[in-house]
Amino acid sequence: MPNLILASSSPRRKELLQQIRLPFHIHPSTVSEEVKADLPPKELVAELAIRKAKDVANKFPHDVVLGADTVVVLNGKILGKPVDRENARNMLQALSGNTHEVLTGVAIVYNETVHHFVEKTEVTFWELSAEEIEQYLNSGEPFDKAGAYGIQGLGATFVKRIDGDYFSVVGLPISKVHRVLKRLSVEFS
């Protein structure tokens, strides 16, 4: 029986797989995340998820490898992880009172075949005060997260509404991943 390999060191993806009690191993991809600058966000997350999964699948060809990538998109522009406090503040100010998209690309490599999809979720923020933003920055939470917030943490207080898969915003649309694995009829050791 094959093993399920998560091609990511994301603690959030690890927690989501643990939540549905799938046995898995972690082997983060070391592939470059540089892509063509003109790629649309949906194609970018698909490309990165596939690249990560294939990279690890080359090392574990008899296993099932799961790769993923998540981006926050506001008005067609990707908001990555903030480079510093000012960058995080600017992102949060831009997201304040607006609706943005969270795109998560997922790739599953099994028997040299790539199964992939992109999940889109719309997230609407409340209007944020300067004080709320500063308190959030002081928490340290926004600095390792796309769009400078984590919906599963203190950033949840900013969310007025979501339309789509909550878990995709966290980093992995776990229900859809589960269904793809089920469709592939894979039993894990």
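Residues numbered from 1 in each chain as written. Predicted model: local features only at pLDDT ≥ 70, side-chain atom pairs only at ≥ 80, totals over all residues. Heavy atoms only, no water.

(A) Quick look at the packing of aromatic side chains. By the definition in use, this model includes four aromatic pairs. Plain terms: the ring middles of Tyr136 and Phe158 are 4.9 Å apart, the flat faces sit at 75° to each other, and that makes the pair edge-to-face. Of this pair, Tyr136 sits in helix 4 (residues 130-139) while Phe158 sits in the loop between helix 4 and strand 7 (159-163), and the two are 22 residues apart along the sequence. Of the two residues examined, Tyr136 and Phe158, each falls in the buried class. Taken together through their ring pairs, the aromatic side chains of Phe125, Tyr136, Tyr149 and Phe158 make up a single cluster. (Phe/Tyr/Trp six-rings, centres within 6.5 Å; stacked < 30°, edge-to-face > 60°. Helix = DSSP H or I, 4+ residues; strand = E, 2+ residues; numbered from the N terminus. Buried < 20%, exposed > 50% of the residue type's maximum accessible area, 1.4 Å probe, protein only.)

(B) Structural detail: the packing of helix 3 (residues 85-95) against helix 4. Viewed as axis vectors pointing N to C, helix 3 and helix 4 meet at an angle of 135°, and their least axial separation amounts to 10 Å. Classified by the interaxial angle, the pair formed by helix 3 and helix 4 is oblique. Regarding helix 3 and helix 4, the two cross each other, and that crossing is right-handed. Taken together, the residues of helix 4 that come into contact with helix 3 (itself represented by Arg85, Ala88, Arg89, Leu92 and Gln93) are Ile133, Glu134, Tyr136, Leu137 and Asn138. Looking at the contact of helix 3 with helix 4 residue by residue, the classes come out as five nonpolar, two polar and three charged. (Axes fitted to C-alpha atoms, helices over the stretch in contact; angles between N-to-C directions. Parallel < 35°, antiparallel > 145°, perpendicular 65-115°, else oblique. Left-handed = near helix turned anticlockwise from the far one by under 90°. Contact = heavy atoms within 4.5 Å. Nonpolar A, V, L, I, M, F, W, Y, C, P; charged D, E, K, R; others polar.)

(C) Spatial organisation of helix 2 (residues 41-57). Under the 1.5 Å per step criterion, the end-to-end length of helix 2 is 24 Å for 17 residues, consistent within 8% with the ideal 24 Å. Across the 17 residues of helix 2, twelve count as buried, placing the element largely inside the fold. Listed as buried for helix 2 are Pro41, Leu44, Val45, Ala46, Leu48, Ala49, Ile50, Lys52, Ala53, Asp55, Val56 and Ala57. In this structure, the buried side of helix 2 is in contact with strand 1 (4-6), strand 3 (64-74), strand 4 (77-79), strand 5 (99-110) and strand 6 (113-125). (Expected span 1.5 Å × (residues − 1).)

(D) Broad picture of unusual backbone geometry. A positive phi angle, near 60°, is found at Arg21, a position not held by glycine. Relative to the helices and strands, Arg21 resides in the loop between helix 1 (11-19) and strand 2 (25-26). Residues other than glycine seldom take positive phi values, yet Ala148 does so here, at roughly 65°.

(E) Main features of the layout of surface pockets. Roughly 830 Å³ of volume is contained in the largest pocket. Lining the largest pocket are 38 residues, and of these Arg13, Asp69, Thr70, Lys81 and Ala146 lie nearest its centre. For the lining of the largest pocket, the secondary structure elements donating two or more residues are helix 1, helix 2, strand 3, strand 4 and helix 5 (166-170). For the lining of the largest pocket, the per-class residue count stands at 20 nonpolar, nine polar and nine charged. (1 Å grid on protein atoms, 1.4 Å probe; cavity = no way out; pocket = protein on both sides within 12 Å on 5 of 7 lines; lining within 4 Å. Points joined across faces, edges and corners; volume = space filled by probe spheres on them.)

(F) Just the pattern of salt bridges, in detail. Within this structure, the stated rule accounts for twelve salt bridges. Notably, a salt bridge pairs Glu33 with Lys52, separated by 3.6 Å at the nearest N-O pair. Of the two residues, Glu33 is situated in the loop between strand 2 and helix 2 and Lys52 in helix 2; the sequence distance between them amounts to 19 residues. A salt bridge links Lys59 to Asp55, with the nearest nitrogen and oxygen atoms 3.5 Å apart. For Asp55, a relative accessible area of 18% translates into the label buried. Connected through salt bridges with shared partners, the residues Arg85, Glu86, Arg89 and Glu134 form a single ionic network. (Salt bridge = Lys/Arg side-chain N within 4 Å of Asp/Glu carboxyl O.)

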